[in-house]
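So you can see what is in the structure, the chains are spelled out below.
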Amino acid sequence: MENETATIEKIEYEGFDVLQYRVPEEDFPMAKIAVFVGHSGGKSNSDGGAYSKTLGMGEWTYNLPVAFAYADEAVSCGLDCDVFVRSEPGWKGWKPMKDQLNKNHAEDPYALHLMLHFNAYNERFHGSFTMYWHKSKNGKRAATIFTKVVSEHFNVVARDPRGLKPKMRANHLVKLGHMPSVIVEAAFGSNVDDAKKLFAGRDTYHEALMEATLIYLDF
Ligand SMILES: [Zn+2]
């Protein structure tokens, strides 16, 4: 972490942790970001997310260090950042995490909520895309920026951002209380070319995410 006076506090809840990265109070954080590491600790069959044979890991494992590096980068840029991580397998962690996110947001609003994933389907599908709540203008704007920056970072095709409506898969993940929320599907782990690019671009992925964040925040 470049900002050596910044602090990290880990708060443990039942089934998930929130790591709070804070810039010193006298530095007045410019904004606060929430990052969710998609899925949870454990193997793919217990919800480590999609598993990529080429990468040799699942989504959660891939994105965990990215989220921490992003949070470090955030405080270096004068932003506060909360990283939400489910260390326990299973889906039941989502509801309490969402409640905690909304509670934090009510007290001290998040400027943006990011959820980190990669995709998997069949071997033919490839490219990067994002999802947002269809009624959120800022969500759409953020999704468009993240799609562009992330697809360019990994040098993969940019697919159209998707505005999620009620009943669409994963809509509950972006339909959050009054904060722009973006699911970032970096690329397809099930496509060999994409997966190789995910591997090559992993160590600097957090920088691309921060670049997109700063464009979105207009800093
Ligand atoms: Zn996922």
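Here, the structure is the one placed above.
The sections below set out a description of the structure shown in this document. As the structure is a computational prediction, the values presented were derived from the model and not from experiment.

## Examining the overall build of the chain
Link 1 in the chain: Check the secondary structure of the chain and you find six helices and ten strands.
Link 2 in the chain: Overall size of the chain, expressed as C-alpha extent along the three principal axes, is 50 × 35 × 35 Å.
Link 3 in the chain: Looking at the chain as a whole, 47% of its 219 residues are labelled buried.
Link 4 in the chain: When contacts within the chain are restricted to residue pairs at least 6 apart in sequence, long-range pairs at least 24 apart make up 74% of them.

## Remarks on the sheet that holds strand 10 (residues 181–188)
Link 1 in the chain: The strand order across the open sheet formed by eight strands is 1-2-6-3-7-10-8-9, and the pairing between neighbours is mixed. The open sheet has two edge strands, strand 1 (7–12) and strand 9 (162–164), and neither has a second partner. For this sheet the average axis-to-axis angle between neighbouring strands, irrespective of direction, equals 20°.
Link 2 in the chain: Where strand 8 (residues 129–133) and strand 9 come together, three bridges link them in parallel fashion. Across the sheet, Tyr132 pairs through a bridge with Gly163, a residue of strand 9.
Link 3 in the chain: Against the sheet, helix 1 (residues 59–76) engages strand 2 (17–22), strand 3 (32–40), strand 6 (80–86) and strand 7 (112–119), with an angle of about 170° to strand 3.

## Structural notes on the packing of helix 3 (residues 137–154) against helix 6 (residues 202–217)
Link 1 in the chain: Contact geometry of helix 3 with helix 6 gives a least axis separation of 9 Å together with a crossing angle of 150°. In terms of crossing hand, the pair formed by helix 3 and helix 6 is right-handed. Here helix 3 contributes Arg141, Ala142, Ile145, Phe146, Val149, Val150 and His153 to the contact with helix 6, which in turn contributes Tyr205, Ala208, Glu211, Ala212, Ile215 and Tyr216.
Link 2 in the chain: A per-class count over the contact of helix 3 with helix 6 returns ten nonpolar, one polar and two charged.

## Looking at unusual backbone geometry
Link 1 in the chain: Unlike most non-glycine residues, His39 shows phi in positive territory, near 75°.
Link 2 in the chain: Relative to the elements of secondary structure, His39 occurs in strand 3.
Link 3 in the chain: Take His39: there are 27 C-beta atoms within 10 Å of it, and that puts it in the buried class.
Link 4 in the chain: Phi at Asp218 is positive, roughly 70°, even though this residue is not glycine.

## Description of the pairing of strand 7
Consecutive side chains of a regular strand alternate in pointing toward one face of the sheet and then the other.
Link 1 in the chain: With eight of eight residues buried, strand 7 lies mostly within the body of the structure.
Link 2 in the chain: Residues of strand 7 alternate between two faces, with Leu112, Leu114, Leu116 and Phe118 on one and His113, Met115, His117 and Asn119 on the opposite face, all of them buried.
Link 3 in the chain: The sheet contact formed by strand 3 and strand 7 spans five bridges and is parallel. Bridge pairing links Val35 to Leu114 in strand 7.
Link 4 in the chain: The pairing of strand 7 with strand 10 spans six bridges and is parallel. Paired with His117 across the strands is Glu185, a residue of strand 10.

## A few points about the environment of Asn191
Link 1 in the chain: Here Asn191 is to be found in the loop between strand 10 and helix 5 (192–200).
Link 2 in the chain: Considering only alpha carbons, one finds Asn191 and Pro29, 162 residues apart in sequence, at a separation of 39 Å.
Link 3 in the chain: If we ignore the near neighbours within four places in the chain, the residues touching Asn191 are Glu123, Phe125 and His126.

## Observations regarding helix 6
Link 1 in the chain: Relative to the 22 Å expected for 16 residues at 1.5 Å per residue, helix 6 spans 23 Å between its end C-alpha atoms, a close match to the ideal helical length.
Link 2 in the chain: Taken as a whole, helix 6 has its buried residues at Tyr205, His206, Ala208, Leu209, Met210, Ala212, Thr213 and Tyr216.
Link 3 in the chain: Where helix 6 is buried, its residues contact strand 3, helix 1, strand 7 and helix 3.
Link 4 in the chain: Phi turns positive one or two residues past the end of helix 6, at Asp218, with a value near 70°.

## A few points about the nonpolar core
Most often, soluble globular proteins have nonpolar side chains that are buried together.
Link 1 in the chain: Residues Val35 and Ala74 are the most contacted members of the largest nonpolar core, which totals 62 residues.
Link 2 in the chain: Per-element tally for this core: the top contributor is helix 1, with eight residues.

## What about the pairing of strand 8?
Link 1 in the chain: Most of strand 8 sits inside the fold, with five of its five residues counted as buried.
Link 2 in the chain: Burial of the side chains of strand 8 extends over both faces: Phe129, Met131 and Trp133 are buried on one face and Thr130 and Tyr132 on the other.
Link 3 in the chain: Sheet topology note: the strand 8/strand 10 ladder contains three bridges and is antiparallel. The residue of strand 10 that forms the bridge with Met131 is Ile183.
Link 4 in the chain: Read as a crossover between parallel neighbours, the route from strand 8 over helix 3 to strand 9 is right-handed.

Criteria and cut-off values
- Residues numbered from 1 in each chain as written.
- Predicted model: local features only at pLDDT ≥ 70, side-chain atom pairs only at ≥ 80, totals over all residues.
- Helix = DSSP H or I, 4+ residues; strand = E, 2+ residues; numbered from the N terminus.
- Buried ≥ 20, exposed ≤ 12 C-beta atoms within 10 Å, placed from the backbone.
- Contact = placed C-beta atoms within 7 Å.
- Pairing = 2+ DSSP bridges.
- Axes fitted to C-alpha atoms, helices over the stretch in contact; angles between N-to-C directions.
- Left-handed = near helix turned anticlockwise from the far one by under 90°.
- Nonpolar A, V, L, I, M, F, W, Y, C, P; charged D, E, K, R; others polar.
- Expected span 1.5 Å × (residues − 1).
- Core = buried A, V, L, I, M, F, W, Y, C linked by C-beta atoms within 7 Å.
- Right-handed = clockwise from strand over helix to strand, strands pointing away.

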